[in-house]
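Listed below, chain by chain, are the residues.
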Amino acid sequence: MAYQNPEPTLDSVNEKLPEENSGDYTKIDKVYFAFIDVLGFKKTFDDMRISKEEFEAEKYRDVFNYFFELMNAAKFMERGSDSGCYAGQTSDSLYFYTDRSDFLVQFMKIFAHFNLYAMSKDVFFRGGIAKGNLYKKLNYQFYGNSVIYAYLLESVISRNPIIVIDENTNSDMKNYNEYMEIVEEKNGRYYIKPFVFLNREIALDTDRFIRREIDSEAIIKNIEKNKCLFEYDAKNYEKYKFLLDELKRINQ
């Protein structure tokens, strides 16, 4: 007779679970939290699973690796390692948080460059950045309204492949010239311009790090390809049309 695991009881479960002390979590009153998600990741995975095609894991691995290469090279990450500054990943989502507005500016610049590289590899992101509190245990163990607000901006507000910024964050950042250069307002929403650093030099807060080249032609090709792919999908078609309209606007 094959071995069967014993039926768990409430007492046995309680015995195995360590008691959680709410004091283990430290509250940080003011945090800027960025939640950034791959556009259409689940649909791509499901479509390939149904069609029996091989999932294109390599391109996502390459893009995610480049994100962490950039973040590991960022000088502000080293300075902020002991003061509430962290970048991480869970599944197809990237996140970053900091309690310093100057660090957030540098992160936004890095993301604006990284996002171009991702689009050249046919990976598109949307997300949100919000200000709020954060209860943190370990760097990757946290909760708080900053996380919730950023997630809502990504999942509900950010219909297009852009990073939307909430009002509180925008108010704090207006004194930074670099911030005003990379952020735009449309219909009462603030977002990082997706092509602000296309075909131009950019100074990043990275030390002894060689940035990867951006293939602008590949970006246009991938956007056009996805626009055609979703011609009969109104929801997704508009996302890539938005990007093409943004490209046309900066090239005028």
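Chemist: If you had to explain the overall build of the protein chain to someone new, which residues and values would you point to?
Modeler: Of regular secondary structure, the protein chain possesses ten helices and eight strands. Sequence-distant contacts in the protein chain: of pairs separated by 6 or more residues, those separated by 24 or more amount to 72%. When the accessible surface of the protein chain is totalled, it reaches about 14,500 Å², and 48% of it is carbon and sulfur.

Chemist: Please set out the nonpolar core residue by residue, giving values where relevant.
Modeler: Membership of the largest hydrophobic core comes to 72 residues, with the highest contact counts inside it found for Phe76, Phe96, Phe107 and Phe125. For this core, the element with the highest residue contribution is helix H5 (residues 101-120), accounting for 13 residues. Not counting the four nearest positions on each side in its chain, Phe107 is found in contact with Ala34, Ile36, Phe67, Met71, Phe76 and Phe96.

Chemist: Please set out the layout of surface pockets residue by residue, giving values where relevant.
Modeler: Computed from the structure, the second largest pocket encloses a volume of approximately 260 Å³. What lines the second largest pocket is a set of 13 residues, among which His113, Arg200, Arg212, Glu213 and Ile214 lie closest to the centre.

Chemist: An account of a nonpolar patch on the surface is requested, with residue identities and associated values reported.
Modeler: Nonpolar side chains collect at one region of the surface, where Ile148, Tyr149, Tyr151, Leu152 and Val156 lie side by side and expose about 470 Å² of accessible area between them. Looking at the element boundaries, Ile148 is found in helix H6 (residues 145-157).

Chemist: Kindly report on the pairing of strand S3 (residues 93-98), identifying the contributing residues and their values.
Modeler: With respect to burial, S3 is a largely interior element, six of its six residues being buried. Every second residue of S3 is oriented toward a common face, with Ser93, Tyr95 and Tyr97 on one face and Leu94, Phe96 and Thr98 on the other, all of them buried. Examined bridge by bridge, strand S2 (residues 86-90) and S3 share five bridges and lie antiparallel to one another. Bridge pairing links Gln89 to Leu94 in S3. What sits between S2 and S3 in their antiparallel hairpin is a turn of two residues, with Ser91 showing a positive phi close to 55 degrees.

Chemist: Residue-level account of the environment of Phe242, with values.
Modeler: On the secondary structure map, Phe242 appears in helix H10 (residues 234-250). Each C-alpha atom, one on Phe242 and one on Lys227, is 9.8 Å from the other, the two residues being 15 residues apart in sequence. Those residues within four positions of Phe242 in sequence are excluded, and the remaining contacts are Asn160, Pro161, Ile162, Lys186 and Tyr191.

Chemist: Break down the packing of aromatic side chains for me, with residues and values.
Modeler: Within the structure shown, the criterion is met by 24 aromatic pairs. Consider the rings of Tyr97 and Phe142, whose centres lie 5.5 Å apart with planes at 70 degrees: the pair is edge-to-face. In this pair, Tyr97 is assigned in strand S3 and Phe142 in strand S5 (residues 142-143), connecting sequence segments 45 residues apart. An aromatic cluster of three or more residues is present, and its members are Phe67, Phe68, Phe76, Phe96, Phe103, Phe107, Phe111, Phe114 and Phe125.

Chemist: Can you tell me about the packing of helix H9 (residues 216-229) against H10, naming the residues and giving the values?
Modeler: The N-to-C vectors of H9 and H10 enclose an angle of 145 degrees; their axes lie 8 Å apart at closest approach. Of the two possible hands of crossing, H9 and H10 adopt the one that is left-handed. Listed contacts from H10 to Ile220, Ile223, Glu224, Asn226 and Lys227 of H9 are Tyr237, Tyr240, Leu243, Leu244 and Leu247. A breakdown of the residues in the contact of H9 with H10 according to their chemical character gives seven nonpolar, one polar and two charged.

Chemist: Break down the side chain of Glu246 for me, citing the residues and quoting the values.
Modeler: In this structure, Glu246 sits in helix H10. Of note is the side chain of Glu246, whose polar atom sits 3.4 Å from the side chain of Tyr191. In contact with Glu246, not counting residues within four places along its chain, are Glu184, Lys186, Tyr191, Pro194 and Phe195.

Chemist: Report on the pattern of salt bridges, specifying residues and quantitative values.
Modeler: For the coordinates displayed, the defined rule picks out 17 salt bridges. Of the charged contacts in the structure, one is a salt bridge between Glu69 and Arg212, with a shortest N-O distance of 3.0 Å. Within this pair, whereas Glu69 is found in helix H3 (residues 57-73), its partner Arg212 is found in the loop between strand S8 (189-192) and H9, the two being separated by 143 residues in sequence. Of the charged contacts, one joins Glu184 and Arg249 as a salt bridge, the two residues approaching to 2.8 Å between their closest N and O atoms. A residue pair is termed long-range when its members are at least 10 positions apart, and Glu184 in strand S7 (residues 183-186) and Arg249 in helix H10 qualify at 65 residues.

The rules behind these values
Residues numbered from 1 in each chain as written. Predicted model: local features only at pLDDT ≥ 70, side-chain atom pairs only at ≥ 80, totals over all residues. Heavy atoms only, no water. Helix = DSSP H or I, 4+ residues; strand = E, 2+ residues; numbered from the N terminus. Contact = heavy atoms within 4.5 Å. Areas by Shrake-Rupley, 256 points an atom, 1.4 Å probe, with all protein chains shown as cover. Core = buried A, V, L, I, M, F, W, Y, C linked by side-chain atoms within 4.5 Å. Buried < 20%, exposed > 50% of the residue type's maximum accessible area, 1.4 Å probe, protein only. 1 Å grid on protein atoms, 1.4 Å probe; cavity = no way out; pocket = protein on both sides within 12 Å on 5 of 7 lines; lining within 4 Å. Points joined across faces, edges and corners; volume = space filled by probe spheres on them. Patch = residues over 30% accessible without salt bridge, like charges linked within 9 Å, V, L, I, M, F, W, Y side chains within 5 Å. Salt bridge = Lys/Arg side-chain N within 4 Å of Asp/Glu carboxyl O. Pairing = 2+ DSSP bridges. Phe/Tyr/Trp six-rings, centres within 6.5 Å; stacked < 30°, edge-to-face > 60°. Axes fitted to C-alpha atoms, helices over the stretch in contact; angles between N-to-C directions. Left-handed = near helix turned anticlockwise from the far one by under 90°. Nonpolar A, V, L, I, M, F, W, Y, C, P; charged D, E, K, R; others polar. Polar contact = N/O pair within 3.5 Å; in protein donor to acceptor, adjacent residues only side chain to side chain.

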